[in-house]
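Here are the chains, one letter per residue:
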Amino acid sequence: MNNNNPYMNIDQQMVGDIYTSREVMDNLTVLCDDFGSRFAGTPEEFKAAQYISDTFTRYGLKNVRLEEYPYAGWTRGGATLTITEPIERTLHCISLPYCPADDIHGELVSVGHGSPPEYSELEDNARGKLVMAKSSSPIDLGRWVHRKEKYERAVLGGASAFIFVSEHPGVGPETGSLQNNRPAPIPGISVCKEDGDFLTRCLERYEKVTMRLQTTDINEPRTSWNVVADLPGKDFPDEMVVLGCHYDGHDISQGAHDPASGMVSVIETARVLSTYASDSLKRTVRFIAFGTEEIGLTGAFRYVDAHAEELDNIQFMLNMDAAGGKSRKGIVLHHWETLEPFFHTAQQQIHADMPVGQKVHSYSDHFPFFLEGVPSCHMGDPTSAPSGRGFGHTAYDTLEKVELDNLRRASSVGARIALRCANTDSFPAKRRSKAEVQQIVDTDPGLEGYRISLKLKV
């Protein structure tokens, strides 16, 4: 027994409940089987938001509400990709979110993995051409190169269109947005690994390959919602700890792992904290189900805009995006070295596989909070090497891929971390200044994609 754990009794009650209940899997089943992808702009998105709101209310949370906001909507149309010379062949493809309607004729070029060195080697050879890049990243680069960065480098290079090739066999095309909350400047589509390999062979055999890409997608304004709910603190109710995850997925699958496994883990954390700790919380714990993350972190950006006056009061933001998957349930801090002792102590108390480390990226809902200087982290494995998504963002991210034990591990770590952040006498981090944030943005290798995106802003 660890006699230095002041939260022992509540820990045992919460974890015992989580590990003897199927509530978290039941919620995941509803989100996936009843509401499908929950893609932004669909009726199922709103139904999912209502379900999450009703569930928070049922669990006893307070001030439960849907916060509405406008965003740049997108609706998928048909897309056709055809080799016109030196052979004729039509390949299956899908548009990537925010792709515009267009009709492009041009020569195909490959930029390999789409890493910065490979784009540098391409030089001006992208101009006016269809640029093809794999979804994988070079092992020796030391970081993951996100789809958006590859697309935006193609745009900056003068490409007429972008072709994204899945790195994984047997899962079909991999989806993902081209831009954040705005129509993309050039078309971007995705093909499966097998067709990407075929196109690579064509380039090797024929040297010059000409293609036609036709897209019919629709970009038009729409409305979405963040779902917000509180467990009020008793001593410092205006100070808060935020736990969040997005609930929207991509339109081609259920998004069971990404994001729904994390969303239901947030909901489960809310359930057990409300049941066993609501009377003892010193600070408010706020739970947020973010909308429209998959097409630009829009819900999180809208939240920090709407709640700007509260940001000084946020002690900590924990992002649990896709946290109920197979990854270790660690604390990945965003350049908050002063917080490492706090979380190492928490790890010793809760006896969980919870590595603590530092790493930051700009591709999930923690990032708008990070940009505003709020102490933040995401749940994951800070020791893991850069890797692809596997079946993520494909049609095969479905319910049966998610294991109950992984949901329980994410929920139990999330609940115990939230309890400690809310109840510590003095949280060892304060909001950063804009200059401090900018220093990290300018220098961190993991934010290279974000720096590239700023070059496309009007």
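Preceding block: the structure.
Described in the following lines is the structure provided in the data block. Worth saying up front: this structure is predicted, and the values here are computed from it rather than measured.

**Side note on the overall build of the chain**
From N to C terminus, the chain includes 13 helices and 16 strands. Taking the principal axes of the C-alpha coordinates as reference, the chain spans close to 75 × 45 × 40 Å. Within the chain, the fraction of its 458 residues that count as buried is 61%. In the chain, the share of contacts with a sequence separation of at least 24, taken over all contacts with a separation of at least 6, comes to 84%. When the accessible surface of the chain is totalled, it reaches about 17500 Å², and 49% of it is carbon and sulfur. In the chain, 46 side chains carry a positive charge and 63 a negative one; their mean positions are 1 Å apart.

**Observations concerning the nonpolar core**
Counting 71 residues, the largest nonpolar core has Leu 273, Phe 287 and Phe 343 as the members making the most contacts within it. Looking at this core, the element that brings in the most residues is helix α11 (residues 404-423), giving ten residues. Sequence-distant contacts of Phe 343, that is, excluding residues within four places in its chain, are made with Phe 316, Ile 331, Leu 333, Met 354, Val 356, Ile 417 and Cys 421. Counting 27 residues, the second-largest nonpolar core is a separate cluster that includes Tyr 69, Ala 126, Ala 184 and Ile 295.

**A look at the side chain of Ser 166**
Its place among the elements puts Ser 166 in the loop between β7 (161-165) and β8 (188-191). Ser 166 gets classed as buried once you look at its relative accessible area, which sits at 2%. Polar side-chain contacts of Ser 166 include one of 3.3 Å to the backbone nitrogen of His 168. With residues up to four places along the chain from it excluded, the contact list for Ser 166 reads Ser 135, Val 171, Gly 172, Glu 174, Val 191, Cys 192 and Lys 193.

**Things to note about the packing of helix α7 (residues 256-276) against α11**
Running from amino to carboxyl end, α7 crosses α11 at an angle of 50°, the nearest separation of the two axes being 8 Å. Between α7 and α11, the angle is such that the two are oblique. Handedness of the α7/α11 crossing: right-handed. Here Ser 261, Val 264, Ser 265, Glu 268, Thr 269, Val 272 and Leu 273 of α7 lie close against α11, whose contacting residues are Leu 407, Ala 410, Ser 411, Gly 414, Ala 415, Ala 418 and Leu 419. In terms of residue class, the contact of α7 with α11 is made up of eight nonpolar, five polar and one charged.

**Observations regarding the pairing of strand β14 (residues 330-333)**
In β14, alternate side chains face the same way, and those of Gly 330 and Val 332 on one face and Ile 331 and Leu 333 on the other are all buried. Summarising the sheet, β14 and strand β15 (residues 356-358) pair through three bridges and their orientation is parallel. Paired with Val 332 across the strands is Gly 357, a residue of β15. Note that the unit made of β14, helix α9 (residues 340-350) and β15 has a crossover that is right-handed.

**Digging into the pairing of strand β9 (residues 210-215)**
Bridge count between strand β2 (residues 79-85) and β9: six bridges; the pairing is antiparallel. Residue Ile 83 lies in a different strand from β9, and its bridge partner there is Met 211. With six bridges connecting them, strand β5 (residues 102-110) and β9 associate as antiparallel partners. Bridge pairing links Gly 106 to Met 211 in β9.

**With respect to the sheet that holds strand β16 (residues 376-380)**
If you walk across this open sheet you meet the eight strands as β1-β10-β12-β11-β13-β16-β14-β15, and the pairing is mixed. Edge positions in the sheet fall to β1 (62-75) and β15, since each of these pairs with one other strand and no more. For this sheet the average axis-to-axis angle between neighbouring strands, irrespective of direction, equals 25°. Its contacts with the sheet put α9 on β13 (314-319), β14 and β15, and the angle it makes with β15 is roughly 155°.

**Some points on the sheet that holds strand β3 (residues 89-91)**
Pairing is mixed across the open sheet formed by eight strands, whose spatial order is β3-β2-β9-β5-β6-β7-β8-β4. In the strand order of this sheet, the two ends are held by β3 and β4 (94-95), each with one partner. Sheet topology places strand β6 (residues 130-134) next to β7; five bridges connect them, and they run parallel. Opposite Ala 133, over in β7, you have Phe 164 as the bridge partner. Of the strands in this sheet, β6 and β7 touch helix α5 (residues 147-156), which is tilted by about 150° from β7.

**Side note on helix α12 (residues 434-443)**
Within the sequence span of α12, burial applies to Val 437, Ile 440 and Val 441. The buried side chains of α12 occupy one side of the element, clustering within an arc of 100° when seen end-on. Where α12 is buried, its residues meet α10 (366-371) and α13 (448-454).

**Examining unusual backbone geometry**
Outside of glycine, negative phi angles account for most residues, and trans bonds account for most peptide bonds. With omega at 5°, the peptide bond leading from Glu 85 into Pro 86 counts as cis. In this structure, Pro 86 sits in the loop between β2 and β3. The peptide bond linking Asp 258 to Pro 259 adopts the cis configuration, its omega dihedral lying at 10°. Its location among the elements puts Pro 259 in helix α7. The backbone phi angle of Glu 123 is positive, close to 50°, even though this residue is not glycine. Position of Glu 123 relative to the elements: it lies in the loop between α4 (116-122) and β6.

How each quantity is defined
- Residues numbered from 1 in each chain as written.
- Predicted model: local features only at pLDDT ≥ 70, side-chain atom pairs only at ≥ 80, totals over all residues.
- Heavy atoms only, no water.
- Helix = DSSP H or I, 4+ residues; strand = E, 2+ residues; numbered from the N terminus.
- Buried < 20%, exposed > 50% of the residue type's maximum accessible area, 1.4 Å probe, protein only.
- Contact = heavy atoms within 4.5 Å.
- Areas by Shrake-Rupley, 256 points an atom, 1.4 Å probe, with all protein chains shown as cover.
- Lys, Arg positive; Asp, Glu negative; His and termini not counted.
- Charge placed at Lys NZ, Arg CZ, Asp CG, Glu CD.
- Core = buried A, V, L, I, M, F, W, Y, C linked by side-chain atoms within 4.5 Å.
- Polar contact = N/O pair within 3.5 Å; in protein donor to acceptor, adjacent residues only side chain to side chain.
- Axes fitted to C-alpha atoms, helices over the stretch in contact; angles between N-to-C directions.
- Parallel < 35°, antiparallel > 145°, perpendicular 65-115°, else oblique.
- Left-handed = near helix turned anticlockwise from the far one by under 90°.
- Nonpolar A, V, L, I, M, F, W, Y, C, P; charged D, E, K, R; others polar.
- Pairing = 2+ DSSP bridges.
- Right-handed = clockwise from strand over helix to strand, strands pointing away.
- Arc of directions from axis to C-beta.

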